[in-house]
Amino acid sequence: MQELKITKNESGQRMDKVVSKYLNQAPASFIYKMLRKKNIVLNGKKASGKEKLILDDVIQFFLADETIAKFSNVKIQKTKQVTLDIVYEDENVVFINKPVGMLSQKANPSDESVNEYLIQYLLASNAITGEELRSFRPAVCNRLDRNTSGLILAGKTMEGLQGLSMMLKDRTMKKYYRCLVKGNVNKDMYVAGWLVKDEKTNKVIVHNAKERMSEEEKRIETSYHVIWNTDEVSFLEVHLITGRTHQIRAHLASIGHPIIGDHKYGEVKMNTAYKERFGLKSQLLHAYRIQMPRLEKGLENLSQKEFCARLPKQFQTICDNVCKAGKG
C-alpha cells in the first residue's frame, strides 16, 4: 500500500486527474475499476474520482508495489549541466533570463529546453523532490523563439503556474522587448493589423486592412518607444500588447524596420554586414522586462512589481558600438 498526501499543488483538482498523473501509464478503465473495487480510496473511504481534493487529503493505493511501478513511469530527463540565469525566485515562481539558442519548450522528444533545465535546477536546490514530480510538474508559462533571448516565466507550484498563465492570458501583465532595427525611427508609435500564419513555412504575414480577410487571421497590436537612433539603425523598446507568433519581428518588418539579424523577416544585406562585423548569427530581440498588475491574493508578493533581464553581452556590445559610431 502507498499513500499520496495532497499538497497545495494538487489541492483543488479532481481526484481522478491526480490519480491519472500519479499512475501516468495506467488506462482510465483500470483507474476507475480500482476506484470501484476500493483499491484506490480517499481518506480511507470509497471514492468515485470526481471529488475535489483539499489540502492534507490522503489518497491510498491498495495495490502491489510492482503494479504501481508498472503504471507509474515519471521520467526525469538527464540533461547537460546548465547554469540558469535566475532573475527572480520565490516559493511559487522563478523568472529566468534565457540565452539565445536555448529552446523554451521541447519541439521533439529528444530536445532539451528550459523546462528540463528548470526541473534539474529545482531538484538540485531541493525545491521539489522526485516523488512530488509524480503528481505535479513545474513548467514555463511563456514561449520565446530559440533565437530570442530574455525573460522566461515559470511556475514552481500549481498556484504559480495558474497565476502566471492567467495574467498572460488576460494581458494584465505588460511585456516589453528591446530590439535593434534597420532605419531611423524618430517617433514613438502604435501599430495594429492582422496576422496569418503559413504552417508550411512557419512564417507569418501581416497586413493593415481594417477587416479580416479570413477567419485564420488574428488581430495584433504593438507599440514601440524609441530609446535612441542613428541615421541607419534604431534601438526600440516594444510593448507586446497582443502575443502572436513572430508578432514583433513580422510587424516591424511590415513597416520597413526589420530587426537586425532576423534571417526570416530581416534584410539580407544588413544581416550580412552585422555578421561580418560582429559575428552576429541571430536576431537582436530580447524580452527585457515585465510589469505585474495589482495582485490581491495568491501571488500578492509580485503585485505591481517590475522585473528586468539584462541584454546578452553580444547584443549590448553591438548597441554600444553602433550607438557611439552613429552619434560620433
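Residues numbered from 1 in each chain as written. Predicted model: local features only at pLDDT ≥ 70, side-chain atom pairs only at ≥ 80, totals over all residues. Heavy atoms only, no water.

## Remarks on the side chain of N92
- Along the chain, the position of N92 falls in the loop between β4 (86-89) and β5 (93-98).
- The buried category is assigned to N92, whose relative accessible area is 4%.
- Among the polar contacts listed, one links the side chain of N92 to the side chain of T157, at a separation of 2.7 Å.
- For N92, the residues in contact, after removing those within four places along its chain, are K8, A154, G155, K156, T157, E159, G160, G298 and L299. (Helix = DSSP H or I, 4+ residues; strand = E, 2+ residues; numbered from the N terminus. Buried < 20%, exposed > 50% of the residue type's maximum accessible area, 1.4 Å probe, protein only. Polar contact = N/O pair within 3.5 Å; in protein donor to acceptor, adjacent residues only side chain to side chain. Contact = heavy atoms within 4.5 Å.)

## Remarks on the packing of aromatic side chains
- In the structure shown here, the tally under the stated rule is 8 aromatic pairs.
- Taking 4.7 Å as the distance between ring centres and 20° as the angle between the ring planes, the aromatic pair formed by Y22 and F61 counts as stacked. Taken together, the residues Y22 in helix α1 (residues 15-22) and F61 in strand β3 (residues 58-61) connect sequence positions 39 residues apart. The burial state of Y22 is the same as that of F61; both residues are buried.
- When the centroid spacing of 5.1 Å and the interplanar angle of 80° are considered together, the rings of F95 and F307 count as edge-to-face. Separated by 212 residues along the polypeptide, F95 in strand β5 and F307 in strand β14 (residues 306-308) bring together distant segments of the chain.
- For F95, a relative accessible area of 0% puts it in the buried group.
- Taken together through their ring pairs, the aromatic side chains of Y88, F95 and F307 make up a single cluster.
- One cation-aromatic arrangement involves R134 over Y22; the distance from NZ or CZ to the ring centre is 4.1 Å. (Phe/Tyr/Trp six-rings, centres within 6.5 Å; stacked < 30°, edge-to-face > 60°. Lys NZ or Arg CZ within 6 Å of the ring centre and 35° of its normal.)

## Here we look at the pairing of β3
- Alternating positions in β3 separate into two faces, V58 and Q60 on one and I59 and F61 on the other, with burial throughout.
- Here strand β1 (residues 2-5) runs beside β3; their pairing, made up of 4 bridges, is antiparallel. Each residue of the ladder has a partner; that of L4, found in β3, is I59. (Pairing = 2+ DSSP bridges.)

## Section: the pairing of strand β13 (residues 285-291)
- In terms of residue burial, β13 counts as a mostly covered element, since 6 of its 7 residues are buried.
- Where strand β7 (residues 149-155) meets β13, 2 bridges bridge the pair, whose relative direction is parallel. The partner of S149 across the bridge, within β13, is H286.
- By the bridge criterion, 6 bridges tie strand β8 (residues 174-182) to β13 in an arrangement that is antiparallel. Note that in β13 the partner of Y177 across the bridge is A287.

Just distances and angles here, no functional claims.
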